[in-house]
Amino acid sequence: MRKPQLLVALLAAVLTLVAAPAVAQPRSVWIDDLTWIEVRDAIAAGKTTAIIFFGSSEQNGPHMAIGKHNFIARYCAEKIAGQLGDALVYPVIPFAITGDAAAKTAHMRFPGTVTLPGDVFSGVVRAVAQSALAAGFKLVAVMGDHGGGQEEMARVAQALDAQSKKNGARVLHVGDLYTKADAQFDGLLAKRGITSKELHAGIPDTAAVMFLGADNWIRKDQIAAASESNGVQGSPSLATAELGKLYLDMKIESAVNQIKAFRAGAR
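Residues numbered from 1 in each chain as written. Predicted model: local features only at pLDDT ≥ 70, side-chain atom pairs only at ≥ 80, totals over all residues. Heavy atoms only, no water.

**Student:** Quick question: what am I supposed to make of the pairing of strand β4 (residues 170-173) here?
**Tutor:** Burial along β4 is two-sided: the residues Arg 170 and Leu 172 and Val 171 and His 173 are all buried. With four bridges joining them, strand β3 (residues 139-144) and β4 adopt parallel strand pairing. Residue pairing in the sheet places Leu 139 in a bridge with Arg 170 of β4. For the crossover that starts at β3, traverses helix α5 (residues 150-164) and ends in the parallel β4, the hand is right-handed. (Buried < 20%, exposed > 50% of the residue type's maximum accessible area, 1.4 Å probe, protein only. Helix = DSSP H or I, 4+ residues; strand = E, 2+ residues; numbered from the N terminus. Pairing = 2+ DSSP bridges. Right-handed = clockwise from strand over helix to strand, strands pointing away.)

Given below as structure tokens:
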């Protein structure tokens, strides 16, 4: 090709690139920040993973706000989406299975806690996941930051996955975010000489919220030792924001790794 012809060809290529419409990136990973047009276009451009994150509204001792799980869920969901690079996030669902309302068992002994019966919770998981599938997402990742509801999420995800495979979509319960991260954090505490049983409103929970926003959500003058009457099962006085960052990083890493491994196995 002669030099003038080469220059003309290069100029034509440049003009084509300039004229081609850029693929717009959504302004947020949260679908409730977007219009339906923006969600549709984001999916078409490759944002084909939906993250559905369940938090919980429950007592967390006298020192920590009821929204603990929801604060953690929102932080982790956004970080997970960012690391995956192809995900949008549904609004955090702030309710889980926390006890029996009529009998006032478990966390329902304390004012402010909200519970969903198991069948209702399962129905919500199913309905939101089906909504994501209907929108066109190809992988629906369901996860939760509260122990109550993990089995229900797993069962619903397994059933929906079996159905959605036929249409080229998958549904996954990301259980590692809860179980694997907690086991890793217990190991970290053990290495630091802390062997107390941290079940609820103890070091992990308190540390995470300290990192996220202690001034708003932690009452430092109300931190107390565990007792049956105050809703604490652990040693919140040993919590630090530094430990909270490590704990949240473990949750995020566990979730991302499980999702990536699932994708690799699904190919």
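Read on for the rest.
**Student:** Just to check I follow, could you spell out the pattern of salt bridges for this structure?
**Tutor:** Two side chains of opposite charge can pair, provided their charged atoms sit close to one another. Applying the stated criterion across every chain yields a total of 11 salt bridges. Residue Arg 40 pairs with Asp 41 through a salt bridge whose shortest N-O separation is 3.0 Å. The shortest N-O distance in the salt bridge between Lys 68 and Glu 58 comes to 4.0 Å. Linking Lys 68 in helix α3 (residues 68-84) with Glu 58 in the loop between β1 (49-54) and α3, this pair joins segments that are 10 residues apart in sequence. Taken individually, Lys 68 and Glu 58 each receive the classification buried, so the pair is uniform in this respect. (Salt bridge = Lys/Arg side-chain N within 4 Å of Asp/Glu carboxyl O.)

**Student:** Just checking my understanding: could you explain the packing of helix α6 (residues 179-191) against helix α8 (residues 241-266) for this structure?
**Tutor:** How two helices sit against one another is set out by the angle between their axes and by the gap between those axes. The contact between α6 and α8 brings their axes to 8 Å, and the two run at 145°. With respect to the hand of their crossing, α6 and α8 are arranged in right-handed fashion. Contacts between α6 and α8 involve Lys 180, Ala 181, Asp 182, Gln 184, Phe 185, Leu 188 and Leu 189 from the former and Leu 243, Leu 246, Tyr 247, Met 250, Lys 251 and Ser 254 from the latter. (Axes fitted to C-alpha atoms, helices over the stretch in contact; angles between N-to-C directions. Left-handed = near helix turned anticlockwise from the far one by under 90°. Contact = heavy atoms within 4.5 Å.)

**Student:** So what exactly am I meant to see when it comes to the environment of Pro 204 here?
**Tutor:** Along the polypeptide, Pro 204 turns up in helix α7 (residues 203-217). In sequence terms Pro 204 and Gly 244 are 40 residues apart; their C-alpha atoms lie 6.5 Å from each other. Those residues within four positions of Pro 204 in sequence are excluded, and the remaining contacts are Phe 185, Glu 198 and Tyr 247.

**Student:** Would you take a moment to explain the packing of aromatic side chains for this structure?
**Tutor:** Pairs of aromatic rings are described using the distance from one ring centre to the other and the angle between the two planes. Enumeration over the complete set of coordinates arrives at five aromatic pairs. Taking 3.6 Å as the distance between ring centres and 10° as the angle between the ring planes, the aromatic pair formed by Phe 71 and Trp 217 counts as stacked. Within this pair, whereas Phe 71 is found in helix α3, its partner Trp 217 is found in helix α7, the two being separated by 146 residues in sequence. Take Phe 71: its relative accessible area is 22%, and that puts it in the partly exposed class. Trp 217 sits in the partly exposed class, given a relative accessible area of 25%. With 6.0 Å between their ring centres and 65° between their planes, Tyr 90 and Phe 137 make a pair best called edge-to-face. Taken as a pair, Tyr 90 in the loop between β2 (87-89) and α4 (118-135) and Phe 137 in the loop between α4 and β3 lie far apart in primary sequence, 47 residues in all. Exposure class is identical for Tyr 90 and Phe 137. Each is buried. Directly above the ring of Trp 30 sits Arg 74, whose terminal nitrogen or CZ lies 4.0 Å from the centroid. (Phe/Tyr/Trp six-rings, centres within 6.5 Å; stacked < 30°, edge-to-face > 60°. Lys NZ or Arg CZ within 6 Å of the ring centre and 35° of its normal.)

**Student:** Mind showing me how you'd approach the side chain of Glu 198 here?
**Tutor:** In this structure, Glu 198 sits in the loop between α6 and α7. Although Glu 198 is buried, it makes no salt bridge; Lys 197 carries the closest opposite charge, 10.0 Å away. Apart from residues lying up to four places away in sequence, Glu 198 is in contact with Leu 189, Ile 203, Pro 204, Gln 233, Gly 234 and Ser 235. (Lys, Arg positive; Asp, Glu negative; His and termini not counted.)

**Student:** What is the right way to read the nonpolar core from this model?
**Tutor:** Side chains of a nonpolar character, in soluble globular proteins, are inclined to be buried together. Membership of the largest hydrophobic core comes to 45 residues, with the highest contact counts inside it found for Ile 51, Phe 53, Cys 76, Ile 80, Met 143, Phe 185 and Ile 259. Listing elements by their share of this core, those giving two or more residues are β1, α3, β2, β3, α6, α7 and α8. The element best represented in this core is α8, accounting for nine residues. Of all hydrophobic cores here, the second largest spans 27 residues; its members include Ile 97, Leu 116, Ala 129 and Ala 157. (Core = buried A, V, L, I, M, F, W, Y, C linked by side-chain atoms within 4.5 Å.)

Such coordinate-based values are descriptive only and should not be taken to indicate function.
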